[in-house]
Amino acid sequence: MAIRMKKGFWIFLVLVLAAGLGYVYVFHVDQEKPVVQAFPEETHTNGDEPLEIRVHDPGLGLRSVEISVIQGQEVKKTVLEELGAGVHDWSSFIDLPDLVQGEFTLQIRAVDRSILNWGRGNVSELSRTMVFDSIPPSISMVSNVHNLNQGGAGLVIYSLSKEAQHTGVRIGDYFFPALKQPDGNYYCLFAFPYDADPTGDIPRIEARDRAGNEQVSGFNYHVNPRSFRQARLNISDNFLRSQMPQFESHFPDENDFFEVFLLVNRDLREKNRARIKEIAARTSADLSLDSPMLRKPNSAQMAGFADHRTYYYNDEEVDRQVHMGVDLASTAQAPVPAAGGGRVVFTGDLGIYGQTVVLDHGLGLQTLYAHLSSVHVQEEEEVERGQNLGRTGTTGLAVGDHLHFEVLVSGVSVNPVEWWDPSWLENNIFSKLKPKD
Ligand SMILES: [Zn+2]
């Protein structure tokens with residue numbers, strides 16, 4: 001009897017110890033370290049924005065977080081936060097102390113509530129070398145003369161005192177990125193868009209460095225206001241029957257061809273313009289154009305750049321849109337020559353534009369060829385001036401066989417007439433690119 005009691009006692013003791021150890025293990029030991037993050041991830045800062053520190057402990061919770069800002073041998077700022085039980089997520093915005101220009105170190109040390117490491121817990125440390133920089137880039141003009149036409153293009157050349165992360169020309173809501181050249185200068189091909197106000201919208205060069213310091217500069221320019229043609233377009237049932245079926249898949253809930261037309265002319269047009277803006281990013285820093293653009297030979301201009309179109313259906317005004325490009329017609333399914341040498345950056349269906357090719361000529365300059373019946377080039381292919389890209393047609397929102405041709409500057413349509421004109425090109429683009437003695 002006594003032996004059996006003794007055995008029972010030992011079993012009881014082992015169970016109690018096991019339960020105790022289990023309790024300690026579950027509630028006081030965890031193997032997972034806290035996760036420490038600091039935002040923004042950019043290493044350069046001008047101190048205008050605080051740093052955001054985020055600490056997460058997946059286990060038993062955090063015990064303390066210590067943040068230090070060290071420059072040279074000096075600790076410029078320390079924040080120590082002791083945390084109560086049950087805190088798994090902690091974050092704080094830390095303003096930088098006064099620093100001198102140059103490198104400093106951000107150190108973060110987070111400890112959790114585990115009793116591992118002789119009770120000290122799991123420790124995570126983050127040490128990041130950062131750069132304090134509060135000096136904005138300065139902008140020096142290299143090009144002096146900038147004669148612009150409303151709806152046309154221009155080129156500015158400038159240099160910056162330091163590397164920029166964002167730089168280019170802003171006009172109203174439009175922004176045209178500049179591209180850095182091997183000689184260190186920045187070239188910015190920009191448009192004075194057809195809908196910009198020649199007296200109210202003043203072009204400015206913007207430059208922002210990695211630390212967020214921004215400089216803005218005006219430049220010397222003259223802009224000639226232009227007026228654009230008003231055009232009346234009658235929508236016939238014949239046109240709706242021939243051109244709307246191709247768009248039915250875009251608007252499966254709409255059965256009425258006239259309603260489909262309005263959706264295409266408004267919503268699809270906007271979507272397609274947004275796609276053209278995306279394609280604009282696929283440009284090279286080198287301008288490949290070295291001669292005037294080639295205008296499709298023997299063709300009549302059926303519609304002009306920035307024609308302001310009013311659409312009528314059954315003699316009633318139903319819509320207004322602006323025609324961004326020129327329409328050139330000759331014979332049906334005529335060959336379409338490349339306006340200049342460049343790289344094919346888009347081929348395929350582009351909604352209202354139908355079968356389309358976009359060529360990149362560098363510096364954000366691109367040409368677009370729309371309503372094609374066939375395409376003879378592939379994306380990434382390098383083409384020469386005059387090379388056959390395909391044949392004209394009526395795909396997309398086209399009335400009759402023609403080529404819809406656009407010249408684009410960073411995705412913004414400009415008047416192609418300038419790019420066909422040898423003296424405009426020489427005076428406004430090529431003469432600026434020649435090295436100066
Ligand atoms: Zn057109």
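Just so you know, these numbers come straight off a predicted model, no measurement behind them.

Draft legend 1. Structural context of the sheet that holds strand 15 (residues 186–191). Overall, antiparallel pairing links the four strands, which are arranged 9-11-15-14 in an open sheet. If you trace the sheet from one side to the other, it starts and ends with strand 9 (139–141) and strand 14 (179–180), each paired once. With six bridges joining them, strand 11 (residues 153–160) and strand 15 adopt antiparallel strand pairing. Within the sheet, the bridge partner assigned to Ala 153 lies in strand 15 and is Ala 191.

Draft legend 2. Summary view of the sheet that holds strand 22 (residues 316–323). Strand order in the open sheet formed by three strands is 19-21-22, and the pairing between neighbours is mixed. The open sheet has two free edges, formed respectively by strand 19 (230–235) and strand 22, since each of these has just one partner strand. The mean inter-strand angle of the sheet, taken between neighbouring strand axes irrespective of direction, is 25°. Strands in contact with helix 3 (residues 257–279) are strand 19, strand 21 (307–313) and strand 22; relative to strand 22, the strand with the most contacts, it is inclined by about 30°.

Draft legend 3. Region of interest: unusual backbone geometry. Cis peptide bonds are those with omega within 30 degrees of zero, and the linkage from Phe 39 to Pro 40 qualifies with -5°. With respect to the element layout, Pro 40 can be found in the loop between strand 1 (35–39) and strand 2 (44–45). Backbone geometry at His 371 places phi at a positive 70°, although glycine is not the residue there. Notably, Ser 410 is not glycine yet its phi reads approximately 50°, a positive angle. Judged by local crowding, Ser 410 falls into the buried class, with 23 C-beta atoms found within 10 Å.

Draft legend 4. Looking closely at the environment of Leu 403. Note on placement: Leu 403 falls in strand 30 (residues 403–409). Owing to 27 C-beta atoms within 10 Å, Leu 403 belongs among the buried residues under this scheme. Each C-alpha atom of the pair Leu 403 and Ser 161 lies 45 Å from the other, and the pair is 242 residues apart in sequence. If near-sequence neighbours (up to four positions away) are discounted, Leu 403 is found in contact with Lys 296, Leu 328, Val 336, Tyr 369, His 371 and Thr 392.

Draft legend 5. Expanded view of the environment of Gly 84. Take Gly 84: it is sitting in the loop between strand 5 (74–82) and strand 6 (89–94). What makes Gly 84 exposed here is the crowd of 9 C-beta atoms within 10 Å. A sequence separation of 168 residues divides Gly 84 from Pro 252, and the C-alpha atoms of the two residues are 58 Å apart.

Draft legend 6. Examining the domain arrangement of the protein chain more closely. Each domain of the protein chain was delimited in the assignment, giving domain 1 (32–132), domain 2 (139–224) and domain 3 (230–414). The straight-line distance from the C-alpha centre of domain 1 to that of domain 3 is 54 Å.

Thresholds applied
In every chain, residue numbers begin from 1 and rise along the written sequence. For this predicted model, a pLDDT threshold of at least 70 governs which residues receive local features, and a threshold of 80 or more governs which side-chain atom pairs are given and counted, while totals over whole chains, interfaces and linings are taken from all residues. Two strands are counted as paired when DSSP detects at least two bridges linking them. To qualify as a helix, a DSSP run of H or I must reach at least 4 residues; to qualify as a strand, a run of E must reach at least 2; elements of each kind are numbered from the N terminus. Orientation is described by axes fitted as lines to C-alpha atoms, over the contacting stretch for helices, and by angles from 0 to 180 degrees between their N-to-C directions. By definition, residues are in contact whenever their C-beta atoms, placed on the basis of the backbone, come within 7 Å of each other. The burial label depends on the number of other C-beta atoms within 10 Å of a residue's C-beta. Counts of 20 or more mean buried, 12 or fewer mean exposed, and intermediate counts mean partly exposed, with C-beta atoms placed from the backbone. An automatic or database domain assignment supplies the start and end points of every domain.

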